[in-house]
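Report on the structure
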Amino acid sequence: MAACDAVARGLLASHPTVSLYVEPTSGLDSATALTVVKLLRSLADEGRTIITTLHQPSSQMLELFDNIMLLSSGRVVYSGAAADALSYFENIGLPCPINYNPCDFFLQLLTDTAADGSQPVTWRLEAAWAEREATSAPVGVVPAAGGDGDGDTLGGDVSGGRLSITSAGAVRAVRKRLHSSSVWAEQRKYPANWWTQVMTIGKRSFIQRRGELLEWVQLSQIVAISFLVGIMWFQLEQTERTLDERVSILFFSVVVFSFMPMFSAIFSFMPAEGPVLHKERSSGAYRLSAFYVAKTTVEMPIELFYPTIFTIVAYWMAGLRASVGAFVLHLFVLFMIVLTALSIGLFVSATVRNIKLAQVLGTLMLLVALLAGGFYVRNETLPSWVAWVSSLSFIKYGFEALLIIEVQGRTFPCSTVPTIYSGGLAGTSTVRQCPVTDEAIYRARGVADELGVWGNVGVLLLWIVVFRVGAYFSLKWLHVSHKPSRRAAAA
């Protein structure tokens, strides 16, 4: 049903009052071709004007049309109501045999070179139609104003709901008439304004992805992970002994919601979405900016749904900082991490069109960010020639922000066994610092608390902007034509 999909996508993006379709049934079997024509008929019944060119339509298709135009060598031999075509040919002495497909009869007339060995049938057809046009304008026939001299006329009123079979010359005539109107002058580049495009594409994206929001497999997965994390880190004591566990759950949360969104975003423009975007953009259906804003904006709430569920369950079960303000700020930072991972995934998807290569690149970027995130290796211990990598790790900034939210302004009683938090960086200090302060935790984990929560959030925001802008320009310049063929054809 690719043809039906193409028709539906084109109409969904712009809601045109007049639509031109050139051979929409080409390459289709008879049943599918009839389905496509029925779809066009239903659109015409809604008040739209549908004009299409067809070769060898079936008798069932013919009954669906209001008006038809028959051409012989580019010249009109009939243009008017489809229901009146047989009576017209009978009146000029060419009756259709009983139980004969009218469309086959028309085709035979248009291709028959001679009727009685003397005069070609096509000559008689052209002469009869010319005589009729000279004497009176047939009911329901509108001359093709601005035509190119090939004799084409346009059947049907372009202001009402009609389904007509016509020719390329009539198509050009309609284009010229629309191009000269004030409405077309305002929208000659695109059939709808930018905001309408955003709203329409956004609605389509939401419909396509709303099933994922309630998909029981993914929902069950995130709920299971949330409860598993809550059980494994259940109600951590507010002492030095549990500081490592407290740091671990924060880093784990960052990692989970870096991997999942990034690999979800890598599939945003491939393999299915890319060809559709290219086709619709080439046809001039909408602006790339409208598509990009609509898709990324509408899908954002869906991507933020899962970290919300995770945080509501795991945060309170694990006994992290018992403060509503800390909880809200923790969730906000997790949102920023998700959006950063999504932005990187969008950039990879838009830039690298090979799905396997995109997955490899995405995995490599995540692993580097993970290793330089400050949990496995402290940044101060890294060699000078590679220490700069930590400044490029978005995981580092998210992790540090969450850690500051958790421990800032708090103290933790010392445990029996000394740790790095109370005994210095190496945990060998002869004088323990008790209770353990937030500053001691920052030193032990190598956290640059000078940035604070909002400084780290600012860096994440910068990453989001850079990668989203980069993804847009990758789509615009590298892979998708930004000069729609429809505009070129209308010029």
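About the cut-offs
- Residues numbered from 1 in each chain as written.
- Predicted model: local features only at pLDDT ≥ 70, side-chain atom pairs only at ≥ 80, totals over all residues.
- Heavy atoms only, no water.
- Helix = DSSP H or I, 4+ residues; strand = E, 2+ residues; numbered from the N terminus.
- Contact = heavy atoms within 4.5 Å.
- Areas by Shrake-Rupley, 256 points an atom, 1.4 Å probe, with all protein chains shown as cover.
- Buried < 20%, exposed > 50% of the residue type's maximum accessible area, 1.4 Å probe, protein only.
- Polar contact = N/O pair within 3.5 Å; in protein donor to acceptor, adjacent residues only side chain to side chain.
- Phe/Tyr/Trp six-rings, centres within 6.5 Å; stacked < 30°, edge-to-face > 60°.
- Expected span 1.5 Å × (residues − 1).
- Arc of directions from axis to C-beta.
- Salt bridge = Lys/Arg side-chain N within 4 Å of Asp/Glu carboxyl O.
- Disulfide = S-S within 2.5 Å.
- Pairing = 2+ DSSP bridges.
- Right-handed = clockwise from strand over helix to strand, strands pointing away.
- Patch = residues over 30% accessible without salt bridge, like charges linked within 9 Å, V, L, I, M, F, W, Y side chains within 5 Å.
- pLDDT = per-residue confidence, 0-100.

In this section: the overall build of the protein. Secondary structure summary: the protein contains 19 helices and 9 strands in total. Contacts spanning at least 24 positions in sequence make up 73% of the contacts within the protein whose residues lie at least 6 apart. Roughly 23800 Å² of accessible area belongs to the protein as shown, and the carbon and sulfur atoms make up 63% of that amount.

Now for the side chain of Gln 197. Tracing the backbone shows Gln 197 in helix H9 (residues 194-213). By relative accessible area, which is 0% here, Gln 197 ends up buried. A polar side-chain atom of Gln 197 sits 2.7 Å from the main-chain amide nitrogen of Arg 287.

Right, let's get into the packing of aromatic side chains. Inspection of the entire model under this criterion finds 27 aromatic pairs. Look at Phe 105 and Phe 106: their rings are 6.0 Å apart centre to centre, the planes differ by 50°, and that puts the pair in the tilted class. These aromatic residues form a ring-pair network of at least three members: Tyr 78, Tyr 88, Phe 89, Phe 105, Phe 106 and Trp 129.

In this model, helix H6 (residues 121-135) (15 residues) spans 21 Å end to end at C-alpha, consistent with the 21 Å of a helix rising 1.5 Å per residue. Within H6, the full set of buried residues consists of Val 121, Thr 122, Leu 125, Ala 128 and Trp 129. Looking straight down H6, one finds its buried side chains confined to an arc of 130°; they lie on one side. Opposite its buried face, H6 presents the exposed residues Trp 123, Glu 131, Ala 134 and Thr 135, each directed more than 90 degrees away.

Within the structure shown, the criterion is met by 7 salt bridges. Measuring nitrogen to oxygen at the nearest pair gives 3.6 Å for the salt bridge that ties Glu 46 to Arg 48. The residue Arg 246 makes a salt bridge to Glu 406 at a minimum N-O spacing of 2.9 Å. In this pair, Arg 246 is assigned in helix H11 (residues 243-266) and Glu 406 in helix H16 (residues 394-407), connecting sequence segments 160 residues apart. Connected through salt bridges with shared partners, the residues Arg 41, Asp 45 and Asp 66 form a single ionic network.

Our next topic: the state of the cysteines. Throughout the structure, instances matching the rule amount to 1 disulfide. Each sulfur in the disulfide pair Cys 414 and Cys 434 lies 1.9 Å from the other. Because the torsion about its S-S bond is -115°, the bridge between Cys 414 and Cys 434 counts as left-handed. One end of the pair, Cys 414, is in the loop between strand S8 (411-412) and strand S9 (436-437); the other, Cys 434, is in the loop between S8 and S9, and 20 residues separate them in sequence. Using a relative accessible area of 45% as the deciding quantity, one classes Cys 434 as partly exposed. Looking at the unpaired Cys 96, the closest cysteine sulfur is the one in Cys 103, lying at 9.7 Å. We classify Cys 96 as partly exposed; its relative accessible area is 23%.

The subject of this paragraph is helix H5 (residues 102-111). The complete set of buried residues in H5 reads Pro 102, Cys 103, Phe 105, Phe 106, Leu 109 and Leu 110. Viewed along the axis of H5, the buried residues span an arc of 160°, placing them on a single side of the element. At its buried positions, H5 is contacted by helix H3 (59-62), strand S3 (67-72), strand S4 (75-81), helix H4 (85-91) and H6. The opening residue of H5, the one whose side-chain oxygen lies 3.1 Å from the backbone nitrogen of Cys 103, is Asn 101.

Direction of pairing for strand S1 (residues 18-22) relative to strand S2 (residues 49-53): parallel, over a ladder of 5 bridges. Bridge assignment links Val 22 to a residue of S2, and that residue is Thr 53. Following the backbone out of S1, through helix H2 (residues 30-45) and into the adjacent parallel S2, one traces a crossover that is right-handed.

With respect to the helices and strands, Met 317 occurs in helix H13 (residues 288-318). Among the residues examined, Met 317 registers a relative accessible area of 17% and is labelled buried. Along the backbone, Met 317 and Gln 235 are 82 residues apart, and their C-alpha atoms lie at a distance of 6.0 Å. In this structure, Met 317 is in contact with Phe 227, Gly 230, Ile 231, Trp 233, Phe 234 and Gln 235, ignoring residues within four places of it in sequence.

A separate point is the environment of Val 465. By the element assignment, Val 465 lies in helix H18 (residues 452-479). A residue is classified by how much of its surface remains accessible, and Val 465, at 45% relative accessible area, is partly exposed. In this structure the C-alpha to C-alpha distance between Val 465 and Ser 343, which are 122 residues apart in sequence, comes to 8.0 Å.

A cluster of nonpolar side chains, contributed by Leu 461, Val 465, Val 469, Phe 473, Trp 477 and Leu 478, occupies part of the molecular surface with about 590 Å² of accessible area. Within the fold, Leu 461 resides in helix H18.

Before going further, it helps to examine the pairing of S4. Summarising burial for S4: 5 of the 7 residues are buried, a large majority. Where S3 and S4 come together, 6 bridges link them in antiparallel fashion. Within S4, the position partnered with Met 69 by the bridge is Ser 79. Hairpin connection, S3 to S4: the antiparallel pair is bridged by 2 residues, and Ser 73 has positive phi, about 55°.

Working note: non-glycine residues mostly have negative phi, and peptide bonds are mostly trans. In this structure, Gln 235 is a non-glycine residue whose phi angle is positive, near 45°. Of note, Gln 235 is situated in the loop between helix H10 (216-232) and H11. Here Gln 235 falls in the partly exposed class, since its relative accessible area comes to 43%.

For the protein, mean pLDDT is 77; residues scoring 70 or higher make up 77% of the total. Low pLDDT, under 50, characterises residues 177-187; the stretch is placed with 12 contacts to residues that sit more than four places away or in other chains. Across residues 480-491 the pLDDT falls below 50, and counting only partners more than four positions away or on other chains, this stretch makes 32 contacts in the model.

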